[in-house]
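# A structural walkthrough
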Amino acid sequence: MKLHEVSENYDSAARYYDRLTDIVFGRILKLEKYRGHTIDLLGDLDGATVLDVGCGTGRNFPLLVERVGKQGKIIGVDYSEGMLEQAQRRIRTEGWRNIELICDDAARLDRVTELVDAVTAIWCLGIVYDLEAALNRIAELMRSGARCAIMDFEQSRPDKGLLRWLYPVYRIALQHAGIDSAEDLDNAKLEAKWARGKGVLRERLIGLREEHYLNGAGMIIEGRKS
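Residues numbered from 1 in each chain as written. Predicted model: local features only at pLDDT ≥ 70, side-chain atom pairs only at ≥ 80, totals over all residues. Heavy atoms only, no water.

### Description of the overall build of the protein
Within the protein, the secondary structure is distributed over 7 helices and 7 strands. For the protein, the sequential pattern of α-helices and β-strands runs α-α-β-α-β-α-β-β-α-β-α-α-β-β. Here the protein holds 226 residues, and the buried ones make up 53% of them. Expressed as a percentage of contacts within the protein between residues at least 6 apart in sequence, the contacts between residues at least 24 apart total 73%. For the protein, the exposed surface amounts to about 10800 Å²; the carbon and sulfur share of it is 47%. (Helix = DSSP H or I, 4+ residues; strand = E, 2+ residues; numbered from the N terminus. Buried < 20%, exposed > 50% of the residue type's maximum accessible area, 1.4 Å probe, protein only. Contact = heavy atoms within 4.5 Å. Areas by Shrake-Rupley, 256 points an atom, 1.4 Å probe, with all protein chains shown as cover.)

Shown next as structure tokens:
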């Protein structure tokens, strides 16, 4: 998805994004449980500064706030102002005071000016127009020893399971909602994109470990900076 399309589509989807995610990823596909698991892979975050790339409406914030504690900090980055407005509303409602929101391009992260102790990106990087640039920039922003945990889809359609049969409807729904473009849902392109992305991660991080969910369509990758 091109950068201007990301902004336009997610701005439009922002108001109902949480409801749609709860239904599709929570109730139907039962994938929300992997969000907490991905955050857990970051290890001890007490007092840490955590970068949440593609933070969207702030669905990771409740999991991160309790882990970083009062001395820690969360930097949430998203390119959609509409999504960041929803994230800011969540922050105000909860009274959180240690979260900074930044509107920035995930492939560049120019406005993130400090090194961080941990990075997470959940269901975000697969739609970034230059995944390799994004992963290289993330590595640059990580302190020595910092951990990174990414959850995404490396296939748009699993080879088996419920989603294989629901895929035609699922595809139409995601495109109509503006969450994914036809290019984002091109299985061959997505697999090739992540093959290159994993190459970057192998070069920049150590102790890389990968696991899968949704019959292999989804992946969780963790590693740390040496």
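Picking up where we left off.
### Here's the deal with a negative patch on the surface
On the surface, E8, D11, E81 and E85 cluster together into a patch of negative charge. Looking at the negative patch, the elements with two or more residues in it are α1 (3-28) and α4 (81-94). In this fold, E85 is placed in helix α4. (Patch = residues over 30% accessible without salt bridge, like charges linked within 9 Å, V, L, I, M, F, W, Y side chains within 5 Å. Salt bridge = Lys/Arg side-chain N within 4 Å of Asp/Glu carboxyl O. Lys, Arg positive; Asp, Glu negative; His and termini not counted. Charge placed at Lys NZ, Arg CZ, Asp CG, Glu CD.)

### So, the packing of helix α5 (residues 131-141) against helix α7 (residues 187-204)
One can describe the packing of α5 onto α7 by two numbers: an axis separation of 9 Å at closest approach and a directional angle of 20°. Of the possible angle classes, the one that applies to α5 and α7 is roughly parallel. Of the two elements, α5 crosses α7, and the hand of that crossing is right-handed. Listed contacts from α7 to L131, E132, L135, N136, A139 and E140 of α5 are K193, W194, R196, G197, V200, L201 and R204. (Axes fitted to C-alpha atoms, helices over the stretch in contact; angles between N-to-C directions. Parallel < 35°, antiparallel > 145°, perpendicular 65-115°, else oblique. Left-handed = near helix turned anticlockwise from the far one by under 90°.)

### Quick word on the pattern of salt bridges
A side chain of one charge can pair with a side chain of the opposite charge when the charged atoms of the two come close. Counting across every chain of the model gives 18 salt bridges. R147 is the partner of E222 in a salt bridge, and the nearest nitrogen-oxygen pair spans 2.9 Å. In this pair, E222 is assigned in strand β7 (residues 218-224) and R147 in strand β5 (residues 142-153), connecting sequence segments 75 residues apart. A relative accessible area of 8% means that E222 is categorised as buried. A salt bridge links E211 to R209, with the shortest nitrogen-to-oxygen separation between them at 3.0 Å. Connected via shared salt-bridge partners are D18, D22, E32, R35, R59 and R90.

### Observations concerning the packing of aromatic side chains
One pass over the structure, following the stated rule, counts 7 aromatic pairs. When the centroid spacing of 6.3 Å and the interplanar angle of 50° are considered together, the rings of Y10 and Y17 count as tilted. Like Y17, Y10 is buried. Centroid distance F61 to W96: 6.4 Å. Interplanar angle 80°. Geometry classified as edge-to-face. Of the two residues, F61 is situated in helix α3 (residues 61-68) and W96 in the loop between α4 and β3 (99-103); the sequence distance between them amounts to 35 residues. (Phe/Tyr/Trp six-rings, centres within 6.5 Å; stacked < 30°, edge-to-face > 60°.)

### Structural notes on the sheet that holds strand β4 (residues 116-122)
Taken in spatial order, the 7 strands line up as β3-β2-β1-β4-β5-β7-β6 in an open sheet, and their pairing is mixed. In the strand order of this sheet, the two ends are held by β3 and β6 (206-213), each with one partner. Averaged over all pairs of adjacent strands, the angle between strand axes in this sheet comes to 15°, irrespective of strand direction. Here β4 runs beside β5; their pairing, made up of 6 bridges, is parallel. Along β5, the bridge assignment pairs A118 with R147. Those strands touched by α3 are β1 (49-53), β2 (73-78) and β3, and its axis lies near 155° from that of β2. (Pairing = 2+ DSSP bridges.)

### Details of the pairing of β3
The pairing of β2 with β3 spans 5 bridges and is parallel. Across the sheet, the residue bridging to D78 is C103, located in β3. In this view, the connection linking β2 to its parallel neighbour β3 by way of α4 has right-handed handedness. (Right-handed = clockwise from strand over helix to strand, strands pointing away.)

Interpretation in functional terms is not warranted from these geometric data alone.
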